[in-house]
Amino acid sequence: MSGRRGIRTRLLLASGVAVAAALVVLVVAFNLVLRHELSASANDRARARATAELSALTVRGGSIQLEEAPDAAAVDVPVWIFSGATAVESPRVVESLDLAAAGLASSDGGARDVGDTRLYAVPVVSNGRRLGTVVAAVSLAAYDDTAQTALVGSLALAVALLAVSLLAARWILSRALAPVAEMTSAAAIWSEHDLERRFAAGQPHDELGQLASTLDGLLDRIADALRREQLLTAEISHELRTPLARIVAETDLALRRPRDTAAYLEALATVRRNAEQLTGVMDTLLEAARTSSGQRRGSADPLAVADRAAAHCRRLAADRGIELTVSGSAARVAVDVDLGERILQPLIENACRFARTLANVQIARNGASVTFAVTDDGDGVSDLQRSSIFERGVRGDRVDGDSGAGLGLALARRLARSAGGDITAEPGRGGHFVVTLPSV
Amino acid sequence: VSEPLILIAEDDDELRGLVVRGLREEGFAVAASATAAGLQQLAERRQPDALILDIGLPDADGRDLCQALRARGLNVPVLFLTARDALPDRLSGFAAGGDDYLIKPFSFDELVARLRAQVRRGGPEPRDASGLIVDPSTHSARFGEESVTLTPTEYRLLGLLVGRAGETVRRRELIQAGWPHGAIVHENTLDAYLARLRRKLRQLPDAPGITTAHGVGYTLG
């Protein structure tokens, strides 16, 4: 239940509880202090009255003499005067008060509450001897009223403060969370309709900035994935449509008018060749699907893989006068010979196509993987091209009569990645591609 | 009546050979190249009656090549022949100045029919080129001896303006040429790109500048 409450409600609740706790402590403390002060004030008043009465007494022969009776009517504070334990003077208000006053007179003095009246006793001492006691009584009704009013008032104030603080917290929270809601909905809309848009909030300096940069990163990755998918689709489409286009064009042409046998034979040979190429492309696509779904396991000697891939390009190399070499060795790679050949061949074809005189495949071990560096002494790949070489029209040119799959670089990389490896284009003079495959 | 001359840019040797052979049988004069640079040389030598361009050429994008040819004042029909069948690709082909779009694999009869229709209608008279040359392989603009490099988007925007020099090109058309179909391009994004293009053109002495037709579009020269 609490997990389903919104973050806004939870923060609001938390701040409300904190403010309420603080207010309870404040109200309790205020009222305790106030009651203590009021009690002290009542004592002061009673003591002042008793002391005033004390000064009007005369002590004669060890006993208390009353010069004149206290004016009970003029003063709202009744006074008892005891000589020893005997009341010399009593206001005769209420019997219970008389008894309490007598009780105080026989003790050491101090204060005692009887109902809403406070009695305060002051001993009468002469020459170090206690002769009697003066007891004054004050009504506590006014003090109790004050305490009561203060309690109600402080409670009301606390409730009002709590309400105001909750309102303020709600306003601040919605102000603070509004950008989050806006960014969330913007990111949702962009991810669907406009993958080029970014928050671009610059260096993050607060939580919102971090959220913006995180969302930007996510959008980048979605855009990249989508672009890669589109490139792959375009690449597959090209790989499948080109041989198909040749077949259709060749048969269309052949059928347009009567031809001699040689022309038909040539047309059929073209159809056959391109059908084989289509088979190769489809095999590779299926291979990639099986490899990435983990259905395919195998291993091969990297040198054998490179030799087989290079063998398909020998004719192209010979036609262009390129010296094609394979060197180095390493532990077995975790792909079978067919798959490795399909990955490597387009790169070797590419090298043979762009080399001036030399193309080389160098095999080396690199940690848990095996690398095949395919280099040539051609013009190489510019920095600008390096990022786009896997997407543009840079493709291994097919060699007539060769049944090699003749894959584009994008498909070859797809295949390498599905086998847990990769293909990268390296900077520098001449073409330089590195195929990485996991070793066994 | 002389045979209409068709120029073809297609990087697949076998398919190029087939199209050349088939079109010759149909009574066209044909010259072909595997690269954008080769096609530009062919187009300079003789005025063709129509062009067939592949989009995925080894040295340039066929659409960029089309813009470069338009920028030189070549106004003949252009037919894109490509494996790219997605709607954004087809639309960008037209936005780059193409007149027709045929997807591989294609029926040879259809190719001939479309080509005949385009040639029959013919293009408008050749335009006077502005003198600004755009290069599809390097994405650069040249005027006389000086040249500046452009980003792909700048190239496509300038290519459209140069191809229709003297004419006001609407903002909408510029956006369609510059960005893929479906991209949300804000008005001030286009203005920012045009401002950058202006700055780059100023680096070319005596090159025509870009003027703004407020609320309508932009004009080169």
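Just above, that's the structure.
Overview of the structure. (Residues numbered from 1 in each chain as written. Chains lettered and ligands numbered in written order. Predicted model: local features only at pLDDT ≥ 70, side-chain atom pairs only at ≥ 80, totals over all residues. Heavy atoms only, no water.)

**So, the overall build of chain A**
The helix and strand tally for chain A stands at 10 helices and 12 strands. Counting only residues that meet the buried cut, chain A has 38% of its 440 residues in that class. Across chain A, every contact between residues at least 6 apart in sequence was considered, and the portion connecting residues at least 24 apart equals 66%. For chain A, the exposed surface amounts to about 23500 Å²; the carbon and sulfur share of it is 57%. (Helix = DSSP H or I, 4+ residues; strand = E, 2+ residues; numbered from the N terminus. Buried < 20%, exposed > 50% of the residue type's maximum accessible area, 1.4 Å probe, protein only. Contact = heavy atoms within 4.5 Å. Areas by Shrake-Rupley, 256 points an atom, 1.4 Å probe, with all protein chains shown as cover.)

**A short note on the pairing of strand β5 (residues 110-114) of chain A**
Two faces, one strand: in a regular strand the side chains alternate between the faces of the sheet. Residue and element names in this part refer to chain A. As judged from the 5 bridges shared by β5 and strand β6 (residues 117-126), these two strands associate in the antiparallel manner. Each residue of the ladder has a partner; that of Val114, found in β6, is Thr117. Following β5, the chain reverses through 2 residues before pairing antiparallel with β6; Gly115 in that reversal takes a positive phi of roughly 60 degrees. (Pairing = 2+ DSSP bridges.)

**Comments concerning unusual backbone geometry**
Residue and element names in this part refer to chain B. With an omega of -5 degrees, the peptide bond between Lys104 and Pro105 qualifies as cis. Within the secondary structure, Pro105 sits in the loop between β5 (100-103) and α5 (108-121). We note that His139 has phi near 50 degrees; this positive angle belongs to a residue other than glycine. Within the secondary structure, His139 sits in the loop between β6 (133-135) and β7 (140-143).

**Things to note about the pattern of salt bridges**
Residue and element names in this part refer to chain A. Inspection of the entire model under this criterion finds 35 salt bridges over all chains. Across the salt bridge formed by Glu53 and Arg49, the nearest N and O atoms sit 2.7 Å from each other. In this pair, Glu53 and Arg49 are both assigned in helix α1 (residues 7-55), 4 residues apart and thus about one turn of the helix distant. Taking the relative accessible area as the measure of exposure, Glu53 reaches 8% and is therefore buried. (Salt bridge = Lys/Arg side-chain N within 4 Å of Asp/Glu carboxyl O.)

**Quick look at the interface of chain A and chain B**
Contacts between chain A and chain B engage 27 residues on the former and 28 residues on the latter. Together, the buried faces of chain A and chain B total about 2400 Å²; carbon and sulfur atoms form 46% of this surface. Considering only the side of chain A, the residues that lose the most area to chain B are Arg241, Leu253 and Arg256 of chain A, jointly responsible for 25% of the buried surface there. Linking chain A to chain B there are 10 salt bridges. Run the count over chain A and chain B and you get 13 residue pairs in polar contact (both at pLDDT 80 or more). Sort the elements by how many residues they give to the side of chain A that touches chain B and helix α4 (residues 207-256) of chain A lands first, with 13 residues. Taken together, the residues of the side of chain A that touches chain B break down into 5 nonpolar, 7 polar and 15 charged. (Buried area = accessible area lost by both parts, 1.4 Å probe. Polar contact = N/O pair within 3.5 Å; in protein donor to acceptor, adjacent residues only side chain to side chain. Nonpolar A, V, L, I, M, F, W, Y, C, P; charged D, E, K, R; others polar.)

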